[in-house]
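Now for the letters of each chain:
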Amino acid sequence: MNLDNRLKRLRFRAWHRGTKEADLLVGGFFDTHSASWQEAEIAWFEALIAEEDVEIMAWAIGTATPPPRYEGAMMQAMRRLDYIPIAR
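Residues numbered from 1 in each chain as written. Predicted model: local features only at pLDDT ≥ 70, side-chain atom pairs only at ≥ 80, totals over all residues. Heavy atoms only, no water.

> How should I be thinking about the side chain of Asp23 in this particular structure?
Locating Asp23 in the fold gives a position in helix 2 (residues 20-33). Once residues lying within four places of it in the same chain are set aside, the contact partners of Asp23 are Ala14, Trp15, His16, Arg17, Gly18 and Gly28. (Helix = DSSP H or I, 4+ residues; strand = E, 2+ residues; numbered from the N terminus. Contact = heavy atoms within 4.5 Å.)

This is the structure:
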């Protein structure tokens, strides 16, 4: 699959998680950061979104420790939560 189609698929999966909260967290993270991703970051995100939403959200807000495979710069960026689009 070419990169453009891969990213389109990831965007759809990021924004269609099943709950509004997960959509905002995962989709917002994708929209904010994906333009600068290389292969390693794309692979990390593909693996992450295969996890349960409650786990991803707990890791992002710091109520649970993520597995070592998810620790690093990407998880630190996800934990900042400054990418969540909130209507004001």
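What follows picks up the thread again.
> How should the packing of aromatic side chains be read in this particular structure?
Ring pairs (aromatic) are described by centroid distance and by the angle formed between their planes. Applying the stated criterion across every chain yields a total of nine aromatic pairs. Between the aromatic rings of Phe29 and Trp37, the centroid separation amounts to 5.9 Å while the plane-to-plane angle is 45°, which identifies the pairing as tilted. When its relative accessible area of 8% is taken as the criterion, Trp37 is described as buried. Three or more aromatic residues joined by ring pairs form one cluster here, namely Phe29, Phe30, Trp37, Trp44, Phe45, Trp59, Tyr70 and Tyr83. (Phe/Tyr/Trp six-rings, centres within 6.5 Å; stacked < 30°, edge-to-face > 60°. Buried < 20%, exposed > 50% of the residue type's maximum accessible area, 1.4 Å probe, protein only.)

> What's the story with the nonpolar core in this structure? I'm lost.
For soluble globular proteins, nonpolar side chains are generally found buried alongside one another. Ranked by size, the top nonpolar core spans 21 residues in total, and within it Phe29, Trp44, Phe45, Leu48 and Met78 carry the most contacts. Counting only elements with at least two residues in this core, the list comes to helix 1 (3-15), helix 2, helix 3 (39-48), helix 4 (53-61) and helix 5 (73-79). With residues near it in sequence (within four places) discarded, Phe45 still touches Leu10, Ala14, Val26, Phe29, Phe30 and Trp37. (Core = buried A, V, L, I, M, F, W, Y, C linked by side-chain atoms within 4.5 Å.)

> How should I be thinking about the pattern of salt bridges in this particular structure?
When the charged atoms of two side chains with opposite charge come close together, those side chains can pair. Counting across every chain of the model gives seven salt bridges. Here Asp31 and Arg11 are joined by a salt bridge, their closest N and O atoms 3.0 Å apart. Placement of the pair is Asp31 in helix 2 and Arg11 in helix 1, with a sequence separation of 20 residues. Classification of Asp31 by relative accessible area gives partly exposed; the value is 35%. Given a relative accessible area of 41%, Arg11 falls into the partly exposed group. For Arg17, the salt bridge is made with Asp53, and the minimal N-O distance between the two is 2.6 Å. Taken together, the residues Arg17 in the loop between helix 1 and helix 2 and Asp53 in helix 4 connect sequence positions 36 residues apart. Judged by its relative accessible area of 17%, Arg17 is buried. (Salt bridge = Lys/Arg side-chain N within 4 Å of Asp/Glu carboxyl O.)

> Looking at this model, I keep getting lost on the environment of Leu25. Mind explaining?
By secondary structure assignment, the location of Leu25 is in helix 2. Between the C-alpha atom of Leu25 and that of Gln76, which follows or precedes it by 51 residues, the distance is 14 Å. Other than its neighbours up to four places away in sequence, Leu25 contacts Ile56, Met57, Ala60, Leu81, Tyr83 and Ile84.

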